[in-house]
Amino acid sequence: MSEIISTNPATGREIGRVHVPRDIPSIIEKVHSFNQKWSETSIRERKRLFLNLKKVLFKRYEEVAHLIAVEQGKPVIEAILAEVLSSLDAVHYLLKKGPSILKSRPAPHFQPLFAGKRARYRFVPYGTWAVISPWNYPFAIPFIQIAHLLFSGNTVVFKPSPITPLIGEKLVQLFLEAGFPEETIAIIHGGAKEGEAIITDERVQAVVFTGSVPTGRRIMELASRKPKKVILELGGKDPAIVLPDAPVERTARGIVWGAIMNAGQTCASIERVYVHRDIYSRIVDAVVEEVRRIRMGNPLEEVDMGPMTVDFQLKKVLNQVEDAKKKGAQILTGGEVNPDLGPLFMEPTVLVNVNREMAVMKEETFGPLIPIIPFDSEQEAVEMANDIPYGLTASIWTGDEESARRIARKLQAGVITINSHVYSFAEPESIWGGVKESGVGRTHGRFGLMETVQIQYMDEDYSGKPEIWWYPYKKTLEELTAMWLELMANPTPVDKVRIMMRLSSRIGYLNRHLNLPRVIWKTMWY
Ligand code: NAD
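No experiment lies behind these values; they were computed from the predicted model shown.

The next subject is the overall build of the protein chain. From N to C terminus, the protein chain includes 19 helices and 18 strands. With the C-alpha coordinates aligned to their principal axes, the bounding extent of the protein chain is approximately 95 × 60 × 40 Å. When the 526 residues of the protein chain are sorted by exposure, 55% land in the buried category. Taking as baseline every contact in the protein chain between residues at least 6 positions apart, the subset at least 24 positions apart corresponds to 71%. Surface exposure of the protein chain reaches about 23,800 Å², of which carbon and sulfur atoms provide 54%. One way to put it: in the protein chain the 65 positive side-chain charges average out to a point 9 Å from where the 62 negative ones average out.

As structure tokens, then:
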């Protein structure tokens, strides 16, 4: 059994170790064999457990936020706001809205011939899901996904990022402390090898993966070997478009927060800012001023920004800064690591004179960089914003509702916010997910919850009559079918009556097979 050592990114010191299991199949078996039992628990019992979960998370929220700050590096207040509060709210949402969203519902027949039958949609869990998570929001992302999955009757095999394993451990402990049976959720630590072993296991019926685009592609490929459901929440390169009427100070503050929170390591961070030339210089000045006010330091103290979480990510960010400088970009503030604080403290950085040839304008940064570019027309801004393979979120900054909606309709993104950015992750009703290479499927909210279940159609007929289309095929059936087709081909009301009269000559035959009064009634309104 090997180990993963977890370190504090602010100090570089070890904070704990976890075991990487060898026998992954037996862990999966334990969860898988509990599927049936868990899916049959009453909604009342599940609600009881989720109520406990809310209490446990509330009781332990400071402990959780402290661990997030120490292992991942975001300031404690950010950990509370972005990770704990959104998780707690997701549980509250499930308790209030989950039962009605997942309740089976009637599916009234549309085709008049079938009048007399009854049908329902039922929402059935898939079974065992793999939840594979990244390190940037190591608590909220898997917590909300797992809560949705358990609520709808699935069981979960969870692989946290090897960079934040202790937070993964804590998350599972909370569910167990709330009373969830230990067979409903299993944790498997490790990296790519363990992740692949989980995804290719036949007993895992579906995967929700959050991480980078290259890993997402690999996951989809692996999942296709024995086709299974896949939800991919992948990278982004999100644009913010600032129109000439945007209030300068508020917009600058919003953009800086949207770009720099979590040291820029948010899938939906603002990574490209397009500003109308009429207010370009005022926005640039205000952004620089706001960035210079950011207090960087140990995330356990009263600061706005902590260290970056891992050295390979910092290296990527520094490479983008170098590449941009070489190609003519100007750094207005930041651009370097602050060695007095530690090796992972990257200064928040504002870049101008940037262009589409630079990596910083086309590849995901995942760090505290704000490149700003001017535009002259709305069309130019939209083209630049869409000119990228990603499409996670986007924001528009303006006081004019009409312009905002017009532009929003043209943007390619899963989430669009006007005069704010990224916050909607914390709204339990909103969906999360991207278009293009930013992902497949949705999590969060009612549509995310619906993705955790398979829609089953259940059709019922207790009339005892043989179906009209069963053997033997007779000439009469052919004639009737022809009349029926005529009825469907937009006849006038007079034509309808004529066809019905022709049909009435076969009333005995029809009656033997159909619920005729209901068929006629539905046909009149068809
Ligand atoms: P990553 O793709 O390197 O790893 C994510 C997870 O996948 C980790 O648990 C990792 O161990 C595992 N993994 C790696 N290779 C695997 C394989 N071959 N098979 C199975 N599992 C494998 O991503 P990361 O560096 O942890 O996270 C950063 C990325 O995540 C960024 O691109 C960011 O945009 C994206 N992200 C997206 C969202 C979203 O909601 N769209 C949210 C957060 C992060």
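After that view of the structure, there is still more to cover.
Summarising the element assignment, Arg-17 is placed in strand β2 (residues 14-20). Judged by relative accessible area, which is 44%, Arg-17 ranks as partly exposed. Not counting residues up to four positions away in its chain, the partners in contact with Arg-17 are Glu-3, Ile-4, Ile-5 and Leu-166. Reaching out from Arg-17, the side chain makes a polar contact with the side chain of Glu-3 at a distance of 2.9 Å.

Turning our eyes to something else, we now look at the pairing of strand β8 (residues 204-210). The buried count for β8 comes to 6 of 7 residues, which makes it a mostly enclosed element. Pairing geometry for β8 and strand β9 (residues 229-233), over 5 bridges, is parallel. Considered in β9, the bridge of Val-207 is made with Val-230. As for the winding sense of the linkage, the β-α-β connection from β8 through helix α8 (residues 213-224) to β9 is right-handed.

With that settled, the discussion passes to the pairing of strand β6 (residues 155-159). Extensive coverage of β6 is indicated by the burial of 5 of its 5 residues. Along β6, one buried face is formed by Thr-155, Val-157 and Lys-159 and the opposite face, lined by Val-156 and Phe-158, is buried too. Bridging between strand β5 (residues 128-132) and β6 involves 5 bridges; their strand directions are parallel. Bridge pairing in β6 links Val-131 to Phe-158. The handedness of the β5 to β6 crossover, carried by helix α5 (residues 140-151), is right-handed.

Moving on, we get to the packing of aromatic side chains. Two numbers describe a pair of aromatic rings. These are the distance of the centres and the angle of the planes. All told, the structure shown has 16 aromatic pairs when counted by the stated rule. Arranged with centres 5.3 Å apart and planes meeting at 70°, the rings of Phe-175 and Phe-180 form a pair that is edge-to-face. When the centroid spacing of 5.3 Å and the interplanar angle of 90° are considered together, the rings of Phe-425 and Trp-432 count as edge-to-face. Of the two residues, Phe-425 and Trp-432, neither departs from the other in class, the shared state being buried.

A few words now on the sheet that holds strand β4 (residues 118-125). On the basis of which strands lie adjacent, the open sheet formed by 3 strands has the order β3-β4-β18 and antiparallel pairing. Only two strands of the sheet have a single partner each, and these edge strands are β3 (105-106) and β18 (453-460). In this structure, β3 lies alongside β4, joined through 2 bridges in antiparallel fashion. Opposite Arg-105, over in β4, you have Tyr-121 as the bridge partner.

Once that is clear, we can look at the site of the ligand. Neighbouring the ligand are 30 residues, the closest being Ser-133, Ser-212, Thr-215, Leu-234 and Glu-364. Here an oxygen atom of the ligand sits 3.0 Å away from a polar atom, N or O, in the side chain of Trp-135. Burial of the ligand by the protein chains amounts to 90% of its free accessible area of 850 Å². The element contributing the most residues to the shell around the ligand is helix α7 (residues 192-200), with 4 residues. Split by residue class, the shell around the ligand holds 15 nonpolar, 10 polar and 5 charged. A domain split of the shell around the ligand shows at least three residues from each of domain 1 (43-108 + 125-234 + 446-456) and domain 2 (238-426).

What follows covers helix α19 (residues 516-525). Every buried residue of α19 is listed here: Leu-516, Val-519 and Thr-523. When α19 is viewed along its axis, its buried side chains cluster within an angular range of 60° and face the same direction. Opposite the packed face of α19, turned more than 90 degrees from it, sit the exposed residues Pro-517, Trp-521 and Trp-525. Among the structural elements, α16 (475-488), α17 (493-504) and α18 (507-513) are those in contact with the buried residues of α19.

Glancing now at the domain arrangement of the protein chain. Per the domain assignment, the segments of the protein chain are domain 1 (43-108 + 125-234 + 446-456), domain 2 (238-426) and domain 3 (475-524). With centres defined by C-alpha atoms, the gap from domain 2 to domain 3 works out at 64 Å.

To continue, consider the sheet that holds strand β16 (residues 415-418). Spatial ordering of the open sheet is given by β12-β13-β14-β11-β10-β15-β16, a layout of 7 strands whose pairing is mixed. With one partner strand each, in any of the chains shown, β12 (330-333) and β16 form the two edges of the open sheet. The sheet shows a mean angle of 25° between the axes of neighbouring strands, direction not considered. In terms of strand pairing, strand β13 (residues 349-352) meets strand β14 (residues 369-375) through 3 bridges, oriented parallel. Bridge pairing in β14 links Thr-349 to Leu-369. Taken strand by strand, helix α10 (residues 280-292) contacts β10 (238-242), β11 (270-276), β12, β13 and β14, and its axis lies near 170° from that of β14. Strand contacts of helix α14 (residues 401-410): β10, β15 (393-397) and β16, with the helix running at about 155° to β15, the strand carrying the most contacts.

Here the bond from Tyr-471 into Pro-472 is cis, since omega is 0°, no more than 30 degrees from zero. You can see Pro-472 is positioned in the loop between β18 and α16. The backbone phi angle of Asn-353 is positive, close to 55°, even though this residue is not glycine. Within the secondary structure, Asn-353 is located in the loop between β13 and α12 (359-362). Located in the positive-phi region is His-444, a residue other than glycine, with phi close to 75°. As for its placement among the helices and strands, His-444 is situated in the loop between β17 (439-440) and α15 (445-450).

Here is what the cut-offs are and how they apply
Residues numbered from 1 in each chain as written. Predicted model: local features only at pLDDT ≥ 70, side-chain atom pairs only at ≥ 80, totals over all residues. Heavy atoms only, no water. Helix = DSSP H or I, 4+ residues; strand = E, 2+ residues; numbered from the N terminus. Buried < 20%, exposed > 50% of the residue type's maximum accessible area, 1.4 Å probe, protein only. Contact = heavy atoms within 4.5 Å. Areas by Shrake-Rupley, 256 points an atom, 1.4 Å probe, with all protein chains shown as cover. Lys, Arg positive; Asp, Glu negative; His and termini not counted. Charge placed at Lys NZ, Arg CZ, Asp CG, Glu CD. Polar contact = N/O pair within 3.5 Å; in protein donor to acceptor, adjacent residues only side chain to side chain. Pairing = 2+ DSSP bridges. Right-handed = clockwise from strand over helix to strand, strands pointing away. Phe/Tyr/Trp six-rings, centres within 6.5 Å; stacked < 30°, edge-to-face > 60°. Near = heavy atom within 4 Å. Nonpolar A, V, L, I, M, F, W, Y, C, P; charged D, E, K, R; others polar. Domains from an automatic or database assignment. Arc of directions from axis to C-beta. Axes fitted to C-alpha atoms, helices over the stretch in contact; angles between N-to-C directions.

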